[in-house]
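# Report on the structure
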Amino acid sequence: MEFLFADWLGTPAWFWLAFLGLVVALTAFDLGVLHKEDKAMGIGESLKLTAFYVTIALLFGAWVWAEKGADLGMKYYTGFFIEKALSIDNVFVISLIFTFFAIPPKYQYRALLWGIVAVIFLRGAMIAGGAALVEQAYWVLYIFAAFLVFTGIKMFFANDHDPDIGNNPAVRWISRHMRVTKELHDQHFFVKVPDEKTGKMVNAATPLFLALVVINLADLVFAVDSVPAIFAITTDTFIVYTSNIMAILGLRALYFALAAMIDRFAYLKYALAAVLVFIGSKIFGDKFPPVLSLGVTFALIAGGVAYSLWKTRGQPLHDPAEPIASGTIN
């Protein structure tokens, strides 16, 4: 049993195993119990499930605090809140992706869940690469910091525009090299269909699979901001990875509530921009106490949310159970 206490990336192996066990248990419970049958999720259910995931994340942070100390505990919470706030941008893009591929709400949750499973591995690879870079050359952190400041400033002045999903290189490549059905086949990513020439049954991807691919590619784009942001807070690989994943785990539950009121967060991007500039800038100056970093981060995000809701008060909510208009698959 000595291997359980062996150091792995600066943290005992049993810490990693406990966390991975929690992630597997939550994912299995979610898919196998809560959503064994495909159905649309209402706003009320979405908020309740979100509260459950946030509670789990906060309790996990308390465990980190108790086991690894107050300093890393504070950094975990700071990273969690930053990643949670940055994930709101993901919701807008995911909503557009589902709309383009005409994915009904009752199948969206399953696509999100398997998307999260893929993200767990993709983020792990990116974080491992970032940790290796920082370990070999600490000055890489200054590049991360400069990138965050640049990204934050750019966000202040950037014009909002919808991504061109139809011309996404991955979508076009899959459409050219794989058979893709024109219609959905329930919750299936792949189905067997008759070949147009031979009549034999062959495998074909469905629009749900294309949506899953694009969602994961979109997350990689967002990770370019979020991964450097957490490394600017701490270089402890365990804190970097767990705060990322705990924020992402609840995203699929939060999606249905946020998708109904995404237009009411129009001013949040300015708060997120300020957070990125703040996190990046403190690398170049004197070190901030973790409690101050957490306080400033939380205040900026909470202020952005409150101001957005106040400025957009009275706007109607979109029912996530409403039918979605069809997109076009070339």
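Our subject is the structure listed above.
Anyway, here's the lowdown on the structure attached to this text. Computed from a predicted model, the values in this text were never measured in an experiment.

## Here we look at the pairing of strand β3 (residues 190-194)
The side-chain alternation of β3 yields one buried face, formed by Val 191 and Val 193, and one unburied face, formed by Phe 190, Lys 192 and Pro 194. Where β3 and strand β4 (residues 201-205) come together, 5 bridges link them in antiparallel fashion. If you follow Phe 190 over to β4, its bridge partner there is Ala 205. Between the antiparallel neighbours β3 and β4 lie 6 residues, among them Gly 199 with a positive phi of about 85 degrees.

## Some points on the packing of helix α7 (residues 207-231) against helix α8 (residues 237-249)
One can describe the packing of α7 onto α8 by two numbers: an axis separation of 9 Å at closest approach and a directional angle of 135 degrees. Here α7 is positioned oblique relative to α8, judged by the angle of their axes. Between α7 and α8 lies a crossing of right-handed hand. Within the contact between the two elements, α7 uses Ser 226, Ile 230 and Phe 231 and α8 uses Val 240, Ser 243 and Asn 244. A per-class count over the contact of α7 with α8 returns 3 nonpolar, 3 polar and no charged.

## Examining the environment of Glu 135
Of note, Glu 135 is situated in helix α4 (residues 105-136). Its relative accessible area of 66% is what places Glu 135 among the exposed residues. The sequence separation of Glu 135 and Thr 235 amounts to 100 residues, and the corresponding C-alpha distance is 8.7 Å.

Each value, and the rule that gives it
Each chain carries its own residue numbering, running from 1 in the written order of its sequence. With the structure being a predicted model, the display of local features is reserved for residues of pLDDT at least 70 and the display and counting of side-chain atom pairs for 80 or more, all residues being used for whole-chain, interface and lining totals. The side-chain quantities take in all heavy atoms of the structure and omit both hydrogens and water. Categorising residues by exposure relies on relative accessible area from a 1.4 Å probe, with only protein chains included: less than 20% of the type maximum marks a residue as buried, more than 50% marks it as exposed, and the intermediate range marks it as partly exposed. Only DSSP runs of H or I with at least four residues qualify as helices, and only runs of E with at least two residues qualify as strands; both kinds are numbered from the N terminus onward. Following DSSP output, two strands are said to pair if at least two bridges run between them. Note on geometry: axes are lines fitted to C-alpha atoms, helical ones only across the stretch in contact, with angles between N-to-C directions running from 0 to 180 degrees. Each angle receives one of four descriptions, namely roughly parallel if under 35 degrees, roughly antiparallel if over 145, roughly perpendicular if within 65 to 115, and oblique otherwise. Each crossing gets its handedness from the near helix: less than a right angle anticlockwise from the far helix is left-handed, clockwise is right-handed. Between two residues, a contact is recorded if the distance between any of their heavy atoms is within 4.5 Å. Gly falls in the polar group here, along with every residue not listed as nonpolar (Ala, Val, Leu, Ile, Met, Phe, Trp, Tyr, Cys, Pro) or charged (Asp, Glu, Lys, Arg).

Read these as layout, nothing more, since geometry by itself doesn't imply function.
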